[in-house]
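Examining the three-dimensional arrangement
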Amino acid sequence: MITSGDERQYYDAQYSQFLELPDHALRIDRHVLEANIENPAHPFYERRLLYRAAMRALEAEPVSGCRMLDYGCGPADFGLWLATEGAQVTLLDLSPVAIDLALRRAQASRVAVRGIAADASRLDMLGDREFDLVFACAALHHTLKYPGALNELARIMKPGARLVLAETWGGNPLLSGARRLRARLTGEEEEQGEGIIFSRNELQALEPFFAELRVEHFNLLAMAKRVLRGRFGQAWVRRLMRALESADSRLLDMAKPLGNWCGEAVITGRRR
């Protein structure tokens, strides 16, 4: 059983390598974020459909003056982008090193944010009904396994506050099997916390706390991108990916239930 201490140690080691980067490499705003998403050499490129959709969901309502929590923020690309758009942003992560990195990025981006390193199941430092918007990028599936984490998330959100999640989706048993096989073959560390992947079961856990839950699925055939990782700089790979994404769009328009077999999803809801 993975403990929060195991995860903290793992992610501290992952993020520490970025602390010595110069300020110009740490700065983030809309232009930088969008450029990273469209850059085949950047890790974000593989999830560009997901991240574009997350940006649309976050901007669906005005963010200036909004009290926003970047939950499980990691390097905080999205939270810091929203801070540059006028949101009052709090960054939360289990890893103190992630928070140190995110605060350095905030300084480089000339925005003021609050950073908190804490276990998501114990958020006593945050007030009841404090946030208008909570965003989690590939994070809530990590915290759901810890008792009390979902209750704490609900406690700190105002009634009517928006929840936006960008997650890996686990409705396709073939894809889930391939993920487990890849993890074994590549020696993926258990502390990465990938034991829970979002699916309908996790949506049901959200329902007592959140209304208007909606799921926008991405990448059915285009999940072939996983075997093309590291090759996106090649023009034929990008053409293939665009063709698969176009085919996915047509298939999902014709048969909505196929969405459950996709590999990624943006999930939105409102605090009851």
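Above this note sits the structure.
Let me begin by describing the structure that accompanies this report. Here the structure is a predicted model, which is why all the values come from computation and not from measurement.

Cut-off values and rules
- Residues numbered from 1 in each chain as written.
- Predicted model: local features only at pLDDT ≥ 70, side-chain atom pairs only at ≥ 80, totals over all residues.
- Heavy atoms only, no water.
- Phe/Tyr/Trp six-rings, centres within 6.5 Å; stacked < 30°, edge-to-face > 60°.
- Helix = DSSP H or I, 4+ residues; strand = E, 2+ residues; numbered from the N terminus.
- Buried < 20%, exposed > 50% of the residue type's maximum accessible area, 1.4 Å probe, protein only.
- Contact = heavy atoms within 4.5 Å.
- Axes fitted to C-alpha atoms, helices over the stretch in contact; angles between N-to-C directions.
- Parallel < 35°, antiparallel > 145°, perpendicular 65-115°, else oblique.
- Left-handed = near helix turned anticlockwise from the far one by under 90°.
- Nonpolar A, V, L, I, M, F, W, Y, C, P; charged D, E, K, R; others polar.
- Polar contact = N/O pair within 3.5 Å; in protein donor to acceptor, adjacent residues only side chain to side chain.
- Pairing = 2+ DSSP bridges.

Applying the stated criterion across every chain yields a total of seven aromatic pairs. Ring centres 6.4 Å apart and planes at 25° place the aromatic pair Phe44 and Phe78 in the stacked group. Here Phe44, found in the loop between helix H3 (30-37) and helix H4 (48-58), pairs with Phe78, found in helix H5 (residues 77-84); they are 34 residues apart in sequence, far enough to count as distant. The pair Phe44 / Phe78 is uniform in exposure class, with both members buried.

In this section: H5. Most of H5 is tucked away: seven of the eight residues are buried. Buried residues of H5: Asp77, Phe78, Gly79, Leu80, Trp81, Leu82 and Ala83, and no others. Contact partners of the buried residues in H5: H3, H4, strand E1 (67-71), strand E2 (88-93), helix H6 (96-108) and strand E4 (131-137). Positive backbone phi, approximately 105°, marks Gly86, located one or two places after H5.

The next thing to look at is the packing of H4 against H5. At a closest axis distance of 12 Å, the pairing of H4 and H5 adopts a crossing angle of 40°. By the angle class used here, H4 and H5 are oblique. By crossing handedness, the relation of H4 to H5 is classed as right-handed. On H5, the residues that touch Tyr51, Met55 and Leu58 of H4 are Phe78, Trp81 and Leu82. Of the residues contributing to the contact of H4 with H5, the split by class is six nonpolar, no polar and no charged.

A word on the side chain of Asn219. Within the secondary structure, Asn219 sits in the loop between strand E6 (210-218) and helix H11 (235-254). The class for Asn219 is buried, based on a relative accessible area of 4%. Engagement of the side chain of Asn219 in a polar contact is seen with the side chain of Glu264, the distance being 2.8 Å.

This brings us to the sheet that holds E4. Read across the sheet, seven strands follow the order E3-E2-E1-E4-E5-E7-E6 without closing on themselves; strand pairing throughout is mixed. This sheet does not close on itself; its edge strands, each paired only once, are strand E3 (114-117) and E6. Put simply, the sheet's adjacent strands are angled 15° from each other on average, direction ignored. Two strands pair when backbone bridges link them, and E6 and strand E7 (residues 264-271) are joined in this way by seven bridges, in the antiparallel orientation. Pairing of Arg214 across the sheet is with Thr268, part of E7.

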